[in-house]
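Each chain, letter by letter, is given below.
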Amino acid sequence: MPRPVPRPAARIRHGLASAPERVGHLFRRRFPVVAVTGMTGVGKTRLADRLSRRATHAATAEVGSAVMERRTRRGSRLRGFRFLVVPGDNAATRLGALDEVFHDEPVDGVVHVVAWGHATPRRTAGTTGPGSATREELLAAELEDWTITAHRIASMAVRRDRPVWLVVAVTKTDLFPDRVDEALAHYSPGSGTPFGDRLDELRALAGGARLSVDVLPVCSEGGKGAGVTAKEADAMVDALALRLAQLSGHV
Ligand SMILES: Nc1nc2c(ncn2[C@@H]2O[C@H](COP(=O)(O)OP(=O)(O)OP(=O)(O)O)[C@@H](O)[C@H]2O)c(=O)[nH]1
Ligand SMILES: [Mg+2]
């Protein structure tokens, strides 16, 4: 007996049923992957949540992240991002997360978050209660963290045949609204600050054409009573997102 030939309608239904899965796979693969790095308490989780338009879990905001967080910013067509937020130095999972984003599955770009010495002090893993530190200590910790991350970025860049981009996101600008330019200068290439010197070394190691560097202000907590209005904070987050889109070739 000859095999029944499926009617066109049945074939179409079958085709549609398997489509979303395939399309989903395609989307996941083609969203650029962005590592979000920076010392503990600097505001990485909060910023990644803002960029992916979701609320921050109260517990994480208070004690810090224990594991790598994955966030997706969806955009029209393929204009989205996947963010991998590397937990700060109070998390035991930090080294594994750094290996994952810079070695095992190298990312397309990096958002390195700094707060000009305004990171929220946190206790090291395993202890409780609020931490305390002076602004000088926090700036020193930020520099130490950047030294480690810059090395990782350099070794990723030299192994790579396509360019890597880096955005230094200077966040918590609501805490120093009148000194944002000074803060941006502190983190810029060629600034002569210890952070700037490390940045210059990184660019020399990676090769200028292989690594692009941007320094942008941002704020995740604007609003009434803050040094930055909610509207201004939104505009800074949007400007950062636009720059990420440009760097990824979306626009
Ligand atoms: N004023 C102000 N506070 C902020 C801003 N962004 C984050 N914070 C606060 O800073 C603290 C730390 O923010 P997180 O996003 O949890 O910091 P993190 O970098 O993820 O820290 P780890 O997970 O420990 O690595 C939280 O209490 C946030 O609410 C900001 O733009 N302005
Ligand atoms: Mg976090």
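Counting starts from 1 at the beginning of each chain's written sequence and moves along it residue by residue. Naming scheme: in the order in which they are written, chains are lettered from A and ligands are numbered from 1. Local features in a predicted model are, by the rule used here, given only for residues with pLDDT of at least 70; side-chain atom pairs are given and counted only at 80 or more, and totals for whole chains, interfaces and linings are based on all residues.

So, the overall build of the protein chain
We count a stretch as a helix when DSSP gives it H or I for four or more residues in a row; a strand needs E for two or more, and each element gets its number in order from the N terminus. Across its full length, the protein chain carries 8 helices and 6 strands. Ordering the α and β elements of the protein chain from the N terminus gives α-β-α-α-β-β-α-β-α-β-α-α-β-α. Here the protein chain, with 251 residues, has 38% of them falling under the buried criterion. Exposure is read from a count of other C-beta atoms within 10 Å of each residue's own; the residue is exposed at 12 or fewer, buried at 20 or more and partly exposed in between. C-beta atoms are placed from the backbone.

Looking at the confidence of the model for the protein chain
pLDDT: the predictor's confidence for each residue, scored from 0 to 100. The predicted model of the protein chain has a mean per-residue pLDDT of 87, with 84% of residues at 70 or higher. By the convention adopted here, residues are in contact when the distance between their C-beta atoms, placed from the backbone, does not exceed 7 Å. Confidence over residues 10-18 falls short of pLDDT 50; this stretch has 1 contact with residues more than four positions distant or in other chains.

Points about the sheet that holds strand 3 (residues 81-85)
In short, DSSP must find at least two bridges between two strands for them to pair. Here we have 6 strands laid out as an open sheet, ordered 2-3-1-4-5-6, and mixed in their pairing. Both outer strands of the open sheet, strand 2 (69-73) and strand 6 (211-217), are each paired with one neighbouring strand and no more. Taken pair by pair, the neighbouring strands of this sheet meet at an average axis angle of 20°, ignoring direction. Pairing analysis gives 7 bridges linking strand 5 (residues 164-170) to strand 6, with the strands arranged parallel. By the bridge assignment, Val168 is partnered in strand 6 with Val215. Where helices are involved, their axes are fitted lines through C-alpha atoms of the stretch in contact, as for all axes, and angles between N-to-C directions lie from 0 to 180°.

A word on the site of ligand 1
We call a residue near a molecule or strand when the C-beta position, derived from backbone atoms, sits within 6 Å of it. Looking at ligand 1, there are 24 residues lining it, with Gly43, Thr45, Gly64, Ser65 and Gly88 nearest. Elements with a minimum of two residues in the shell around ligand 1: helix 2 (44-51) and helix 3 (58-63). Classification used: nonpolar for Ala, Val, Leu, Ile, Met, Phe, Trp, Tyr, Cys and Pro, charged for Asp, Glu, Lys and Arg, polar for all others including Gly. A breakdown of the residues in the shell around ligand 1 according to their chemical character gives 5 nonpolar, 13 polar and 6 charged.

Observations concerning helix 2
In an α-helix, one turn spans 3.6 residues; hence positions three or four apart end up facing the same way. In terms of burial, helix 2 is largely enclosed, as 7 of its 8 residues are buried. When we look at burial in helix 2, the residues that qualify are Lys44, Thr45, Leu47, Ala48, Asp49, Arg50 and Leu51. Once helix 2 finishes, Arg53 follows within two positions and takes phi at roughly 55°, a positive value.

Comments concerning helix 7 (residues 194-206)
Given the number of residues in a helix, its expected span is that number minus one, multiplied by 1.5 Å. Between its first and last C-alpha atoms helix 7 spans 18 Å; for 13 residues at 1.5 Å apiece the expected length is 18 Å, and the two agree. Listing the buried residues of helix 7 in full gives Phe195, Leu199, Leu202, Arg203 and Ala206. Looking down the long axis of helix 7, one finds its buried residues gathered within 95° of arc, a one-sided arrangement. Looking at the packing, one finds that the buried side of helix 7 touches helix 5 (135-159), helix 6 (180-186) and strand 6. Positive backbone phi, at 90°, marks Gly207, one or two positions downstream of helix 7. This arc is taken over the directions from the axis of the helix to the C-beta atoms.

Some remarks on the packing of helix 5 against helix 7
Close contact between helix 5 and helix 7 brings their axes to 9 Å; oriented N to C, the two are set at 10°. It follows from the interaxial angle that helix 5 and helix 7 lie roughly parallel. Residue-level inspection shows Leu143, Trp146, Thr147, Ala150, Ile153, Ala154, Ala157 and Val158 of helix 5 in contact with helix 7, the latter providing Pro194, Phe195, Arg198, Leu202, Leu205 and Ala206. Considered class by class, the residues forming the contact of helix 5 with helix 7 number 12 nonpolar, 1 polar and 1 charged. Just so you know how the angles are binned, under 35 degrees is roughly parallel, over 145 roughly antiparallel, 65 to 115 roughly perpendicular, and the rest oblique.

Structural notes on the pairing of strand 4 (residues 109-114)
Buried residues dominate strand 4, accounting for 5 of its 6 residues. As defined by bridge partners, strand 1 (residues 33-37) adjoins strand 4 across 4 bridges and the pair is classed as parallel. For Thr37, the partnering residue across the bridge sits in strand 4 and is His112. Two strands pair when backbone bridges link them, and strand 4 and strand 5 are joined in this way by 6 bridges, in the parallel orientation. The residue of strand 5 that forms the bridge with Gly109 is Trp165.

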